[in-house]
Amino acid sequence: LREFRVAVSNYAAELGRSGGGVIQMTTKNGTNNFHGSAYEYFRNDAMDARTFFAAQKPRLRYNLFGASIGGPIIKNKAFFFFNYEGIRSKTETTQIVNVPSPAEISGDFSQSAQIIRDPSTQIPFAGNRIPTSQLDPVGAKIAALYPAPNVPGRPSGSSNCQAPQLTDSPQNIYVARVDHVFNDNNRLYGRFLGRTNPQVGGPIFPTPGIDSYNQIVKTTDYDIAGTWTHSFTPAFINEARYSWD
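Read on for a plain summary of the structure. (Residues numbered from 1 in each chain as written. Predicted model: local features only at pLDDT ≥ 70, side-chain atom pairs only at ≥ 80, totals over all residues. Heavy atoms only, no water.)

1. What about the overall build of the chain?
Along the backbone of the chain there are 2 helices and 9 strands. Going from N to C terminus, the chain has its helices and strands arranged as β-β-β-β-β-α-α-β-β-β-β. C-alpha extents for the chain along the principal axes are approximately 95 × 45 × 35 Å. Scored against the burial criterion, the 245 residues of the chain give a buried share of 27%. In the chain, once contacts between residues fewer than 6 apart in sequence are set aside, the share between residues at least 24 apart is 56%. Carbon and sulfur atoms make up 57% of the accessible area of the chain, which totals about 16400 Å². (Helix = DSSP H or I, 4+ residues; strand = E, 2+ residues; numbered from the N terminus. Buried < 20%, exposed > 50% of the residue type's maximum accessible area, 1.4 Å probe, protein only. Contact = heavy atoms within 4.5 Å. Areas by Shrake-Rupley, 256 points an atom, 1.4 Å probe, with all protein chains shown as cover.)

2. Focus on the sheet that holds strand β7 (residues 186-201)
The strand order across the open sheet formed by 7 strands is β3-β4-β5-β6-β7-β8-β9, and the pairing between neighbours is antiparallel. Strands at the two margins of the open sheet, each flanked by one partner only, are β3 (35-44) and β9 (236-244). Each strand of the sheet is rotated relative to its neighbour by a mean of 10°, with strand direction disregarded. Of the pairings in the sheet, the one linking strand β4 (residues 60-74) to strand β5 (residues 78-97) comprises 14 bridges and is antiparallel in character. Pairing of Phe65 across the sheet is with Gly86, part of β5. (Pairing = 2+ DSSP bridges. Axes fitted to C-alpha atoms, helices over the stretch in contact; angles between N-to-C directions.)

3. Points about the packing of aromatic side chains
Under the defined criterion, the tally for this structure stands at 7 aromatic pairs. Pairing Tyr41 with Tyr62 gives two aromatic rings, centres 6.2 Å apart and planes at 75°, and the pair type is edge-to-face. In this pair, Tyr41 is assigned in strand β3 and Tyr62 in strand β4, connecting sequence segments 21 residues apart. Ring centres of Phe232 and Phe236 lie 5.0 Å apart, and the angle between their planes is 25°; on these two criteria the pair is classed as stacked. Residue classification places Phe236 among the partly exposed residues on the basis of a relative accessible area of 49%. By the ring-pair criterion, three or more aromatic residues cluster together here, those being Phe65, Tyr84 and Tyr174. Looking at Arg177, its charged tip hangs above the ring of Tyr189, at a distance of 4.1 Å from the centre. (Phe/Tyr/Trp six-rings, centres within 6.5 Å; stacked < 30°, edge-to-face > 60°. Lys NZ or Arg CZ within 6 Å of the ring centre and 35° of its normal.)

4. Looking at the pairing of β5
Residues in a regular strand point their side chains to alternate faces of the sheet. Where β4 hands over to β5, the hairpin turn is made up of 3 residues, of which Asn76 adopts a positive phi near 65°. Pairing analysis gives 20 bridges linking β5 to strand β6 (residues 161-183), with the strands arranged antiparallel. Across the sheet, residue Thr93 finds its bridge partner in β6, namely Gln165.

5. Some remarks on the side chain of Asp223
Relative to the helices and strands, Asp223 resides in strand β8 (residues 215-233). Polar side-chain contacts of Asp223 include one of 3.3 Å to the side chain of Ser243. Residues in contact with Asp223, not counting those within four places in the same chain, are Arg191, Phe192, Leu193, Ser243, Trp244 and Asp245. (Polar contact = N/O pair within 3.5 Å; in protein donor to acceptor, adjacent residues only side chain to side chain.)

6. Structural notes on the pattern of salt bridges
The tally for this structure, following the rule as stated, stands at 7 salt bridges. Measuring nitrogen to oxygen at the nearest pair gives 2.7 Å for the salt bridge that ties Glu239 to Arg241. By relative accessible area, Glu239 is classed as partly exposed at 47%. The exposed category is assigned to Arg241, whose relative accessible area is 59%. (Salt bridge = Lys/Arg side-chain N within 4 Å of Asp/Glu carboxyl O.)

7. Focus on the side chain of Asp118
With respect to the helices and strands, the residue Asp118 is situated in the loop between α1 (102-105) and α2 (137-143). The side chain of Asp118 sits in the buried core without any salt bridge; Arg117 is the nearest counter-charge, 11 Å away. Among all residues touching Asp118, those that are not within four sequence positions of it are Ile123, Phe125 and Gln134. (Lys, Arg positive; Asp, Glu negative; His and termini not counted.)

8. Side note on the environment of Asn29
For Asn29, the position within the fold is in the loop between β2 (21-26) and β3. Along the backbone, Asn29 and Asp179 are 150 residues apart, and their C-alpha atoms lie at a distance of 7.1 Å. Excluding anything up to four places from it in sequence, Asn29 contacts Arg2, Phe81, Arg177 and Asp179. At 2.7 Å, the side chain of Asn29 and the side chain of Arg2 are in polar contact.

9. A closer look at unusual backbone geometry
Residues other than glycine seldom take positive phi values, yet Asn128 does so here, at roughly 60°. A positive phi angle, close to 50°, is found at Ser159, a residue other than glycine. Note that Ser159 resides in the loop between α2 and β6. Of the residues examined, Ser159 reaches a relative accessible area of 33% and is grouped as partly exposed.

No statement about biological role is implied by the geometric values presented.
So this is what it looks like as structure tokens:
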């Protein structure tokens, strides 16, 4: 960014209708001289402390890096600016979930306050235990995929399992701008913004296929904009702008 401005409350009519406020951002443009920059920012669990609920210190790998370059295409007429930014983030958080007990997986709900009934007769099972002969084979195999409870003293269905989840979130962000001065009265610029971010949430159950935490969310954003500024007189200026997201 070259500059930004935050307008709140009684801002000018040119900014249109908005609830709380408007943030205006101006991207950098190239000049008659070549300029560039490079940067790196990182975080690591080696410098962190263990969180209250985690049995061990969660893993963290965070790197934000980038570089920019800008300069002339045609001196005094056309200029370019380009910036790339990459984010490589691996974070580990402690998930606390509910899983059935080994006894419940085998059909024994004697320790549960929930009354288990025969679905065909609505009569409660003796001792709150489902006979092995009446266990659905498909359901039994699905239930066997859950991990065993690992939080001592927590009953079934009451936050009785905790496990670390690793989330991998690589991002690539692009900013490009081209400016062209036709003459003193006509200026044109075009801008491209892009971001790709496939976020992978790792499994916390031994079998990833049945784990609702194991998912991939792909986010892609693109913005293309162009502006033509024409000066009819020193006191009368028109700006035509187009934007596509």
